[in-house]
Amino acid sequence: MTLPRWVPAVSWLGMTLLYLPLLAVAVLSFNSTRYGQSWGGFTVDWYARMVSNEAILSAAWNSLVLGVISTVLATVLGTLLAIGLNRRPWPRWFKRGSDLAINLPVVTPDIILAIALVGAFAVLREWSAAFKPGMTTLIIAHTTFQISFVTLVVSSRLTTIGKDQVEAARDLYANTGQIWLRVLLPQLMPGIIAGALLAFTISLDDFVVSFFVTGPEATTLPLLIYASVRRGVTPEIHALSTVIVVGTMLAIIAVTWIQAARTAKPQE
Amino acid sequence: MRANTCGWNSRQTTCWSCAIKPVIIHDGYLTTKPHLYGRGALLVGLAFLWMGVFLFAPLAGLSALAFASRGEYGGVEWTFTWENLSRLAGHDEFGFSWNHLLILWRSVVLAAVTTVLCLLIGFPMAFWIAARPAAARPLLLALVMVPSCVNLVIRTYAWQQFLGSQMPAAWVAQHLGLVPDGASLYPTVTAVYLGMVSAMLPFTVLPLYTSVERLDWSLVEAARDLHAGRLRTFRHGILAQCMPGLLAATILTFIPSLGMFVISDMLGGAKFLLVGNLIQQQFGSMNNWPFGATAGLFLVIASLFALWGLRIVSEREAGRR
């Protein structure tokens, strides 16, 4: 197809909007000036200070722990949900209702999920002290919105693989355990991994929900950056942001590359 | 027939429900619906229990909270009142004020203008990516998606840095006399829009791309052959085919924009309040949860409309196949 000449121009404008500010921060992270933005010379000092900054290290650790635990929980729950919904002859009303329920957290603005959870935790706290704002509430909150994303991804994989192999396994007298471990789960694995990766990214990325449900001692990286913006930023935050941006970019490009390699390979 | 008709337990020789209920074939073996439901409930039960406790019940609670009263010391009193709703509509203890309606209006306008801007930039981008060689497309798409995976706070902070008083953009504006010397370009409304568009653009491009990629170009050629002008070709040949993607992109851009509070907070300054900021204040410093919940209800209703819209899109898609 031939496109009008302004189409690439507008596209590059879009790309510029996406990347220009990130580039600005990357440049500033190598600037030796402590206050303000005037160029004082090239330095990698901020990166060195970043890796010895207690607050940043503990926030990074919190983000990682939170991401891993909530992703594991959400992946297990979401995968079971997807299998249960897709592989049982549920009545129509139940299917429609579940569809709606699963899509709800995806389209609801996160601030709504956040305040709903804040209210829920306030009620639950009366009943058990375990729900005091902190790591536990963060993990519960993240798991709650991650389940939907895992279920959606795994469901689409379930549709792709179809039922033939499970039926064949049944005909060959496999019992339920064997079917799950030898047939269903291995075939589902790419979907489960993709769902888990998506859930993990969303957890790392989340600011709004964490902002509302966390307590004073559980700070994640996004919360730390927001707080530093409020207090007045140190250049270590520039360095940290740049590291996060580059890390995310490498991760996504790697995933795209692996997927491209997979699709290029003939079907097993 | 196998001894084990249900596959439920290898030691179980007969299933009590098979004997009395009509038998169906599912996954290639004989069983009954109640039995399947029983095991299915086990699979879906865990997740739905979790979502019930931490999502559906809290959302229902939130809706109830919108009609509760505020206690004397900031707590919640469960007595029914319309007061929060009428306060959102402008009637507070000091008489009528436009403040809250203005906040709602500003949020809707911001979300609408952001969506239009994103569509204007995102639609050409979708065509541009779709016209690249097949090998380059996933990478370009990934490049568009990468910023959306970088935390929003970082990206907004990046805009603050980019628009800072000593950066080239501000320097140009200062020399053109648009802003006073030494001033930065935020907090301004322009800064909010820059932040919004760059934050939402990936969510506009992705659904648009999926429908542009599947575009049937023979219909476009047919329109050309029938001497349709450029505009009519675009409208009836291209736009009509992209409608589902366009609707999905609109919803996926509009709803998150409506609930935004980080960008307006960091780039718009204290005067640029949105529903999101209002909710945050009521749940934070103001400690008036019922009123915050009422403002939240506005967003919930908007997102329910979104769900309904997406459902129509997916049903149409299913009908087309």
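About the cut-offs
Residues numbered from 1 in each chain as written. Chains lettered and ligands numbered in written order. Predicted model: local features only at pLDDT ≥ 70, side-chain atom pairs only at ≥ 80, totals over all residues. Helix = DSSP H or I, 4+ residues; strand = E, 2+ residues; numbered from the N terminus. Buried ≥ 20, exposed ≤ 12 C-beta atoms within 10 Å, placed from the backbone. Contact = placed C-beta atoms within 7 Å. Expected span 1.5 Å × (residues − 1). Bend = angle between axes of the 7 residues up to and from the residue. pLDDT = per-residue confidence, 0-100. Core = buried A, V, L, I, M, F, W, Y, C linked by C-beta atoms within 7 Å. Domains from an automatic or database assignment. Nonpolar A, V, L, I, M, F, W, Y, C, P; charged D, E, K, R; others polar. Axes fitted to C-alpha atoms, helices over the stretch in contact; angles between N-to-C directions. Parallel < 35°, antiparallel > 145°, perpendicular 65-115°, else oblique.

> A description of the overall build of chain A should follow, citing residues and the corresponding values.
Within chain A, the secondary structure is distributed over 11 helices and zero strands. When the elements of chain A are put in sequence order from the N terminus, they spell out α-α-α-α-α-α-α-α-α-α-α. The principal-axis extent of the C-alpha atoms belonging to chain A is close to 75 × 65 × 35 Å. Buried residues in chain A amount to 42% of all 268 residues. Taking all contacts inside chain A whose residues are at least 6 apart in sequence as the whole, residues at least 24 apart take part in 78%.

> Give me the lowdown on the overall build of chain B, citing residues and values where you can.
On a plain count of helices and strands, chain B comes out with 14 helices and six strands. Scored against the burial criterion, the 321 residues of chain B give a buried share of 43%. Once local pairs closer than 6 in sequence are excluded, the contacts in chain B between residues at least 24 apart make up 61%.

> Would you mind going over helix H2 (residues 33-65) of chain B in detail, with residue names and values included?
Look at H2(B): only 40 Å from first C-alpha to last across 33 residues, short of the 48 Å you get at 1.5 Å a residue. Of all the bends in H2(B), the greatest, near 50°, is centred on B:Gly52.

> Tell me about the confidence of the model for chain A, and name the residues and values.
Averaged over chain A, the pLDDT score is 86; the fraction of residues at 70 or greater is 97%. When mean pLDDT is taken per element in chain A, helix H3 (residues 54-86) of chain A scores highest with 93 and helix H11 (residues 235-264) of chain A scores lowest with 80.

> How would you explain the nonpolar core if you had to name every residue and give the values?
Grouped together as the largest cluster of nonpolar side chains are 149 residues, with contacts concentrated most on A:Ala114, A:Ile115, A:Leu117 and B:Ala126. Here this core spans two domains, since at least three of its residues come from each of domain 1 (1-53) and domain 2 (88-320) of chain B. Contact partners of A:Ala114, with chain neighbours within four places excluded, come to A:Val208, A:Val209, A:Phe212 and A:Val213.

> Residue-level account of unusual backbone geometry, with values.
Leaving glycine aside, a negative phi is the common case for residues, and trans is the common case for peptide bonds. Its identity is not glycine, yet A:Tyr173 carries a phi of approximately 65°, on the positive side. By the secondary structure assignment, A:Tyr173 is in the loop between helix H7 (164-171) and helix H8 (176-205). A residue is classified by how many C-beta atoms lie within 10 Å of it, and A:Tyr173, with 11 of them, is exposed. The residue B:His227 is not glycine, and still its phi comes out positive at about 60°. Note on B:His227: 8 C-beta atoms within 10 Å, which makes it exposed.

> Just give me the short version of helix H13 (residues 275-283) of chain B, but keep the residues and values in it.
Counting buried residues along H13(B), eight of its nine residues qualify, which places the element largely inside the surrounding structure. Among all positions of H13(B), only B:Val275, B:Gly276, B:Asn277, B:Leu278, B:Ile279, B:Gln280, B:Gln282 and B:Phe283 are buried.

> Pulling in residues and values, what's your account of the interface of chain B and chain A?
Reports of interface size often rely on the accessible area that becomes lost once the parts have come together. With 77 residues of chain B at the contact, the number on the chain A side is 75 residues. Considering each element in turn, the side of chain B that touches chain A owes the most residues, 18 residues, to H2(B). When the residues that make up the side of chain B that touches chain A are grouped by side-chain class, the tally is 57 nonpolar, 17 polar and three charged.

> Give a description of the packing of helix H5 (residues 110-125) of chain A against H2(B) that names residues and reports values.
Axis separation between H5(A) and H2(B) bottoms out at 8 Å; the angle between their running directions is 90°. On the basis of their axis angle, the class for H5(A) and H2(B) is roughly perpendicular. Two secondary-structure elements touch here, H5(A) through A:Ile115, A:Ala116, A:Leu117, A:Gly119 and A:Ala120 and H2(B) through B:Phe54, B:Ala57, B:Pro58, B:Leu59, B:Gly61, B:Leu62 and B:Leu65. Among the residues forming the contact of H5(A) with H2(B), the class breakdown is 10 nonpolar, two polar and no charged.

> Any chance you could break down the confidence of the model for chain B for me, citing the residues and the numbers?
Should the pLDDT be low somewhere, the predicted coordinates at that spot are not to be read in detail. All names here are of chain B. Across chain B, pLDDT averages 81, with 89% of residues at or above 70. When pLDDT is averaged over each helix and strand of chain B, the minimum, 53, is found for helix H1 (residues 16-20) and the maximum, 91, for helix H4 (residues 99-130). When the criterion is pLDDT under 50, residues 1-5 qualifies, and its contacts beyond four places in sequence or with other chains add up to nine contacts. Counting interchain partners and residues more than four positions distant, the pLDDT-below-50 stretch residues 8-13 has seven contacts. Among the scores for the predicted complex, ipTM is 0.84 and pTM is 0.83.

> Can you explain the environment of B:Pro244? Please cite residues and give values.
All names here are of chain B. Within the element layout of this structure, Pro-244 appears in helix H11 (residues 243-258). For Pro-244, a count of 20 C-beta atoms within 10 Å translates into the label buried. Considering only alpha carbons, one finds Pro-244 and Leu-208, 36 residues apart in sequence, at a separation of 8.6 Å.

> Any chance you could break down the environment of B:Gly61 for me, citing the residues and the numbers?
Mapped onto the elements, B:Gly61 comes out in helix H2. Filtering out sequence-adjacent residues up to four positions away, B:Gly61 remains in contact with A:Ala116, A:Gly119 and A:Ala120.

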